[in-house]
Amino acid sequence: MAQEAFVICDNLVKIYKIAELEVVALQGLDLVVGPGELLGIVGASGSGKSTLMNVLGGLDRPSAGRAWVDGLDLLKLSNAELNNYRRTRVGFVWQQGARNLIPYLNALENIKLPMTLAGQAGRAAQKRAEELLEMVELSDRKKHRLSELSGGEQQRVAIAVALANQPRLLLADEPTGELDSATALTIYQMFQKLNRELGLTTLIVSHDPGIARHVNRVVAIRDGKLATETVRAKGSKSAFEPAHEGAEEIFEELTVLDSAGRLQIPKQFLEHFGIRGRARIELTEEGILILPATNIDHVQDAEALASELVEAKKARGLRGLLNRWIRGEHKKHEVRG
């Protein structure tokens, strides 16, 4: 599958340094996206989803791991190569219309601008811009500026701008975040149309819990790693099929294992069964069973250890405490002088 993949993230790490503080935004994320796939990405604020988009879009360099897009290793590209990658291989659609469009240019001029910057001008650029406006169904709004367009129209022009230089990857970060549900639906339908007609690989970051209805699959990022994947159950109606009587959409959420076989267990599951620190794993006929750890000795009690470390440092020093722990002569929640 890796040879056929369009996007490959392998143990991807991104660390930001703010003053003296290091923030690990991506912590060994693994992701494979097929060519022409329409993928949704969800996650809480700070989970790392926008960082992932910035890395795949060439706006940020990964700190470690691999990020391959369309056969290119983004970690090894020079600055000039990365600039060319952003200009020719990737299209961006942002949440705010003002970030997508130049307010004093009309719709047609906004679409022509990326082509002008790439050295394409004249009749060819004019024709391409008009074709893109027709593709997003806004030919009659080509002379309108940002202030004269509705939110949905602004986003459709933004999509046309993103497609100006014929990218192979389209990245959309919260493209429906400022739109009502009806308008958001038209934007999702536009992404589906482009994906279907152009074979455009598209990644959409969203807080919309219903995004699974509009894409091929959805991956959830938690704490900088891929946590779950939501797919349509076998026999379920596809996102690209027209609605008809009796049609049913059935989704299944699967936990994702990383390349080392690790998985993220939802916090509410751990709290429900009182699993903290350690757990027991058993192999059954049905699969792998994860159980709370019981009858754990004193080493398991991290809170007691932390408390004794503090007290022992005051009373007789760290060495004495460690010697007592090695000999097993401690008493829980008690430090002897």
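The shown structure was predicted, so the numbers you read here are calculated from the model rather than taken from an experiment.

Caption draft 1: Highlighting the pairing of strand S6 (residues 90-93). Residues Val90 and Phe92 line one face of S6 and the alternating positions Gly91 and Val93 line the opposite face, and both faces are buried. Relative to strand S7 (residues 169-173), S6 runs parallel, the two being bridged by 4 bridges. Residue pairing in the sheet places Val93 in a bridge with Ala172 of S7.

Caption draft 2: Fine view of the pattern of salt bridges. Summed over all chains, the structure comprises 9 salt bridges. Salt-bridge contacts for Asp70 lead to Arg168; the nearest nitrogen and oxygen are separated by 2.6 Å. One end of the pair, Asp70, is in the loop between strand S4 (64-69) and strand S5 (72-73); the other, Arg168, is in the loop between helix H6 (151-162) and S7, with 98 residues separating them in the sequence. A salt bridge links Glu271 to Lys267; its shortest N-O distance comes to 4.0 Å. Taken as a pair, Glu271 and Lys267 lie in helix H8 (residues 267-272) at a separation of 4 residues, close to a single helical turn. Its relative accessible area of 54% is what places Glu271 among the exposed residues.

Caption draft 3: Looking closely at the sheet that holds strand S11 (residues 251-255). Strand order across the open sheet formed by 7 strands is S6-S7-S8-S3-S9-S10-S11, with mixed pairing between neighbours. The sheet is open, and its two edges are formed by S6 and S11, each paired on a single side. Adjacent strand axes in the sheet meet at a mean angle of 20 degrees when their direction is disregarded. Bridge count between strand S3 (residues 38-42) and strand S8 (residues 201-205): 4 bridges; the pairing is parallel. When the sheet's bridge partners are listed, Leu38 is paired in S8 with Thr202. Of the strands in this sheet, S3, S6, S7, S8 and strand S9 (217-222) are in contact with helix H1 (residues 49-56), which crosses S7 at around 150 degrees. Running at roughly 165 degrees to S6, H6 makes contact with S6 and S7 of the sheet.

Caption draft 4: Region of the structure containing the packing of aromatic side chains. A full pass over the atoms with the stated rule returns 1 aromatic pair. Here Phe92 and Trp94 contribute two aromatic rings whose centre-to-centre distance is 5.4 Å and whose plane-to-plane angle is 5 degrees, an arrangement assigned as stacked. Of the two residues examined, Phe92 and Trp94, each falls in the buried class. Here Lys14 stacks its cationic end above the ring of Tyr16, 5.0 Å away from the centre of that ring.

Caption draft 5: Seen up close, the nonpolar core. Val93, Ile111, Val157, Ile159, Phe191, Ile204 and Ile211 are the most contacted members of the largest nonpolar core, which has 39 residues in total. Going through the elements one at a time, S3, helix H4 (107-117), helix H5 (122-135), H6, S7, helix H7 (181-198) and S9 are the ones with two or more residues in this core. One finds Val7, Leu31, Leu52 and Val256 within the second-largest nonpolar core, a separate group that totals 31 residues.

So, how was this worked out
Residues numbered from 1 in each chain as written. Predicted model: local features only at pLDDT ≥ 70, side-chain atom pairs only at ≥ 80, totals over all residues. Heavy atoms only, no water. Buried < 20%, exposed > 50% of the residue type's maximum accessible area, 1.4 Å probe, protein only. Helix = DSSP H or I, 4+ residues; strand = E, 2+ residues; numbered from the N terminus. Pairing = 2+ DSSP bridges. Salt bridge = Lys/Arg side-chain N within 4 Å of Asp/Glu carboxyl O. Axes fitted to C-alpha atoms, helices over the stretch in contact; angles between N-to-C directions. Contact = heavy atoms within 4.5 Å. Phe/Tyr/Trp six-rings, centres within 6.5 Å; stacked < 30°, edge-to-face > 60°. Lys NZ or Arg CZ within 6 Å of the ring centre and 35° of its normal. Core = buried A, V, L, I, M, F, W, Y, C linked by side-chain atoms within 4.5 Å.

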